Amino acid sequence: MALIKLNKNNLFYNLETISNHAGGKEKVAVVLKDNAYGHGLIEIATLASEFGIKKAVVRTLDEALAIEKLFDYILILAHKDFHTYSHTFHIALNSIEDIDNLPLGCNVHIKVDTGMHRNGILIEELEEAFLGLSKKNIKVTGIFTHHRNADNLSTDFFWQKSVFSRVKLAVSELCEKLSLDIPSFHSCNSAGLFRHTNFNEDFARVGIATYGYLDNANIFKFPTLKPVLSLWGKRISTRTLKESQSVGYGGTYKATEDTIISTYDVGYGDGFLRLNERKNYTTPDGFKVLGRVSMDNLSLNTNKDEVCIFNDANTLAKVHDTISYEITTTLSTNIKRVIV
Ligand SMILES: *Cc1c(COP(=O)(O)O)cnc(C)c1O
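Residues numbered from 1 in each chain as written. Predicted model: local features only at pLDDT ≥ 70, side-chain atom pairs only at ≥ 80, totals over all residues. Heavy atoms only, no water.

If you look the protein chain up in an unreviewed UniProt entry, it shows as Alanine racemase from Malaciobacter pacificus. Listed in UniProt under the heading Sequence similarities (unreviewed entry), the comment for the protein chain reads: "Belongs to the alanine racemase family." Quoted straight from UniProt, the Cofactor (unreviewed entry) entry for the protein chain says "pyridoxal 5'-phosphate". (UniProt positions renumbered as here; feature names shortened; annotations may be inferred.)

Right under this line is the structure:
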């Protein structure tokens, strides 16, 4: 099988850079949703905890349960039916109706829609939400929002920031009126955090930067981070392709001279998105993917026993016209992960 190597030094380098920018490890919540962006939930959670990160963000209850012992504080972004609950958990409230689905006496972070219009309640609904939650003895431990365009040059970021400032004010007034503790406030993902020169929120929810990527880093002069994941293939078989012979489905790659080629045990079945005759890709060591990628193998012009298929998701993201997030997140959970 294919193999994923996770570079611990690179991960720690990224977490150090992030923590320094945020103003301390306690101001970083590492985002581990979707199998830690394909890197491996348990592996990344264990390393982040070893580094000293105390807060995590996940999508589901199952993810939260799997890492419960490693963090003091876990925000669950999108889960509806809670058959179990722990006081380490803080549940995101994405709509008013969801108050009915929350366990009695739990911790909640209210998501507020400041302009992305995807999830969250409106500023006008805050009082109704606080009252509905207090009826179920639920504690509001956080108020948050999400930026729709933090990684692009546009005024959206500043506009949503100003809406969120109004939210903070409204929440503070409500808490005073209802004699409640002021919750924590957070609005930033990776790009949002690095767009602040003086980060002053309670914490940032940092996903992609943890793994070594920041989109449009050159425009914003973001720091250079180090990719954590690399995908490796093992040689299955080798042959010499004679001039004008072709390889793989459709025979789309044709040798122009006698060429040594080998197949490696990586394919789109492993979540390595399919390359074909319209998508050229060269591995970090300069080997070319020849013809179409199959479900369980691909062909390269080498006979090395082990080859690094990629160690920078951005290179592949360009080929596939997508983002680094999709390249790593699609990698199959079945692939073995090793920490190096
Ligand atoms: C995924 C996600 C993040 C992390 O975003 P990055 O760009 O990967 O840092 C932060 N907040 C919410 C609500 C998310 O869904």
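> Got a minute to help me understand the pairing of strand β15 (residues 306-310) in this structure?
With 4 of 5 residues buried, β15 lies mostly within the body of the structure. In terms of strand pairing, strand β10 (residues 229-241) meets β15 through 4 bridges, oriented antiparallel. Each residue of the ladder has a partner; that of glycine 233, found in β15, is valine 307. (Buried < 20%, exposed > 50% of the residue type's maximum accessible area, 1.4 Å probe, protein only. Helix = DSSP H or I, 4+ residues; strand = E, 2+ residues; numbered from the N terminus. Pairing = 2+ DSSP bridges.)

> Even after reading the chapter, I still don't get the pattern of salt bridges, so can you show me in this structure?
If charged atoms from side chains of opposite charge come close, those side chains can pair. Tallied over the full model, the rule gives 11 salt bridges. Two residues, glutamate 50 and lysine 8, come together in a salt bridge whose shortest N-O distance is 2.8 Å. Here the residue glutamate 50 occupies a position in helix α3 (residues 41-51), and lysine 8 occupies one in helix α1 (residues 8-22), the gap between them amounting to 42 residues. Since its relative accessible area comes to 26%, lysine 8 is described here as partly exposed. (Salt bridge = Lys/Arg side-chain N within 4 Å of Asp/Glu carboxyl O.)

> Sorry, what's going on with unusual backbone geometry here?
Excluding glycine, a negative phi dihedral is what most residues carry, and trans is how most peptide bonds are arranged. Despite not being glycine, asparagine 35 has its phi angle at roughly 55 degrees, a positive value. Looking at where asparagine 35 falls in the secondary structure, it is placed in helix α2 (residues 33-37).

> Is there a simple way to think about the packing of aromatic side chains in this case?
Where two aromatic rings form a pair, the distance of their centres and the angle of their planes describe that pair. If you walk through the whole model with that rule in mind, you get 10 aromatic pairs. Judged by centre distance (6.3 Å) and plane angle (75 degrees), the rings of phenylalanine 164 and phenylalanine 185 are edge-to-face. Here the residue phenylalanine 164 occupies a position in helix α6 (residues 156-177), and phenylalanine 185 occupies one in strand β8 (residues 184-186), the gap between them amounting to 21 residues. A relative accessible area of 2% places phenylalanine 164 in the buried class. Exposure remark for phenylalanine 185: the relative accessible area of 8% places this residue in the buried category. In this structure an aromatic cluster arises from ring pairing among Tyr37, Tyr211 and Tyr325. Across the ring face of tryptophan 232, the terminal group of lysine 5 is positioned such that the distance to the ring centre comes to 3.7 Å. Stacked on the ring of phenylalanine 51, the Lys or Arg lysine 25 has its end atom at 4.4 Å from the ring centre. (Phe/Tyr/Trp six-rings, centres within 6.5 Å; stacked < 30°, edge-to-face > 60°. Lys NZ or Arg CZ within 6 Å of the ring centre and 35° of its normal.)

> Teacher, can you tell me more about α1 here?
Since the α-helix advances by 3.6 residues per turn, residues separated by three or four positions end up pointing in the same direction. With 15 residues, α1 extends 21 Å between its outermost C-alpha atoms, agreeing within 8% with the 21 Å of an ideal straight helix rising 1.5 Å per residue. Those residues of α1 that sit buried are Asn10, Leu11, Asn14, Leu15, Thr17, Ile18, Ser19 and Ala22. Looking at the buried side of α1, the elements it contacts are β2 (28-31), α3, α7 (190-195) and β9 (204-206). The N-cap of α1, judged by a side-chain oxygen 3.0 Å from the amide nitrogen of asparagine 9 a few residues on, is asparagine 7. Once α1 ends, the next one or two residues include glycine 23, with phi positive near 95 degrees. (Expected span 1.5 Å × (residues − 1). Contact = heavy atoms within 4.5 Å. Polar contact = N/O pair within 3.5 Å; in protein donor to acceptor, adjacent residues only side chain to side chain.)

> Would you explain the sheet that holds β8 in this entry?
Two modes of strand pairing occur in sheets, parallel and antiparallel, and in both the strands are linked by backbone hydrogen bonds. Strand order in the open sheet formed by 8 strands is β8-β7-β6-β5-β4-β3-β2-β9, with parallel pairing between adjacent strands. Strands with a single pairing partner mark the edges of an open sheet, and in this sheet they are β8 and β9. Taking the axes of each pair of neighbouring strands and ignoring which way they run, one obtains an average angle of 30 degrees across the sheet. (Axes fitted to C-alpha atoms, helices over the stretch in contact; angles between N-to-C directions.)

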